[in-house]
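Residue-level structural notes
These are the residues of each chain, in order.
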Amino acid sequence: MIDETLLEAEEKMDKAVEVAKEDFAGIRSGRASSGMFAKITVDYYGAPTPLQQLASFQIPEARTVVIAPFDKSAMTAIEKALRDSDLGVNPSNDGNVIRIALPALTEERRRDFVKLAKTKAEDAKVSIRSVRRKAKDQLDRLVKDGDAGEDEGSRAEKELEALTKRHVDEVDVILAAKESELLEV
């Protein structure tokens, strides 16, 4: 029962780290990446559809993205979704593909993105700590009900703390990498 609780907690913490990675990929840095478009949805025939399901992405240069829609009739909807997104880009459409030239980030904009990254990292850490709290409550309940001994309970709590620390440190490492990527000129 204790092992199941710890395993479940580890899986949930892993998911929180994955969500943080996805969130960081969506934050624009000096270079273009297809991850920037992961959270953008397009109104495609009345249904909100992720942009990555509607088009392929190419990055011919560091600050240029070429989006080739699979269905040419979705071109204007894709263009509108890109304009309305928080990326701050102005797409140009030549009838076949949509080109996006990413402007160079100003120092102020870089700092804003660093703040956003720190906020997302803190959200991930809060999520990890919430998983820890729930798992600790389960462990305490097991000991209280007599399903596990006190020694097993304290050993499991130490494992849980180590697990939490490892995942929080992982988020910190990812944040540091994103921060240095954002601040490099």
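Note that this is a predicted model, so its numbers are computed, not measured.

Looking now at the overall build of the protein. Within the protein one finds four helices and six strands. Along the protein, helices (α) and strands (β) appear in the sequence α-β-β-β-β-α-β-β-α-α when read from the amino end. For 185 residues, the compact-globule estimate of 2.2 N^0.38 gives 16 Å, and the C-alpha radius of gyration of the protein, at 22 Å, exceeds that figure by more than 25%. Taken along the three principal axes of its C-alpha coordinates, the protein extends 70 × 40 × 20 Å.

With that out of the way, let us pick up helix α3 (residues 107-145). Helix length check: α3, at 39 residues, gives a terminal C-alpha distance of 57 Å against a target of 57 Å (1.5 Å per residue), a fit within 8%. Where α3 ends, the next residue or the one after it, G146, has phi of about 85°, a positive value.

Once the domains are mapped, the protein shows domain 1 (1-27 + 106-183) and domain 2 (34-101). Here the C-alpha centroids of domain 1 and domain 2 sit 33 Å apart. Contacts between the two partners involve five residues from domain 1, matched on the other side by five residues from domain 2. The interface formed by domain 1 and domain 2 includes zero salt bridges. Applying the counting rule to domain 1 against domain 2 returns zero residue pairs in polar contact (both at pLDDT 80 or more). If one sorts the elements of the side of domain 1 that touches domain 2 by residue count, helix α1 (residues 2-25) sits on top with three residues.

Next up on the list: the environment of F113. Secondary-structure assignment places F113 in helix α3. Considered as a pair, F113 and F24 are 89 residues apart in the sequence and their alpha carbons are 9.8 Å apart.

Before going further, it helps to spend a moment on the pairing of strand β3 (residues 55-61). Pairing of β3 with strand β4 (residues 64-69), which is carried by five bridges, proceeds in the antiparallel orientation. Pairing of E61 across the sheet is with T64, part of β4. The hairpin formed by β3 and β4 contains two residues between the paired strands.

Another point: the side chain of D23. Structurally, D23 can be placed in helix α1. Judged by its relative accessible area of 18%, D23 is buried. The contact partners of D23, leaving out residues within four places of it in the chain, are K39 and K120.

Criteria and thresholds
- Residues numbered from 1 in each chain as written.
- Predicted model: local features only at pLDDT ≥ 70, side-chain atom pairs only at ≥ 80, totals over all residues.
- Heavy atoms only, no water.
- Helix = DSSP H or I, 4+ residues; strand = E, 2+ residues; numbered from the N terminus.
- Rg over C-alpha atoms; globule rule 2.2 N^0.38 Å.
- Expected span 1.5 Å × (residues − 1).
- Domains from an automatic or database assignment.
- Contact = heavy atoms within 4.5 Å.
- Salt bridge = Lys/Arg side-chain N within 4 Å of Asp/Glu carboxyl O.
- Polar contact = N/O pair within 3.5 Å; in protein donor to acceptor, adjacent residues only side chain to side chain.
- Pairing = 2+ DSSP bridges.
- Buried < 20%, exposed > 50% of the residue type's maximum accessible area, 1.4 Å probe, protein only.

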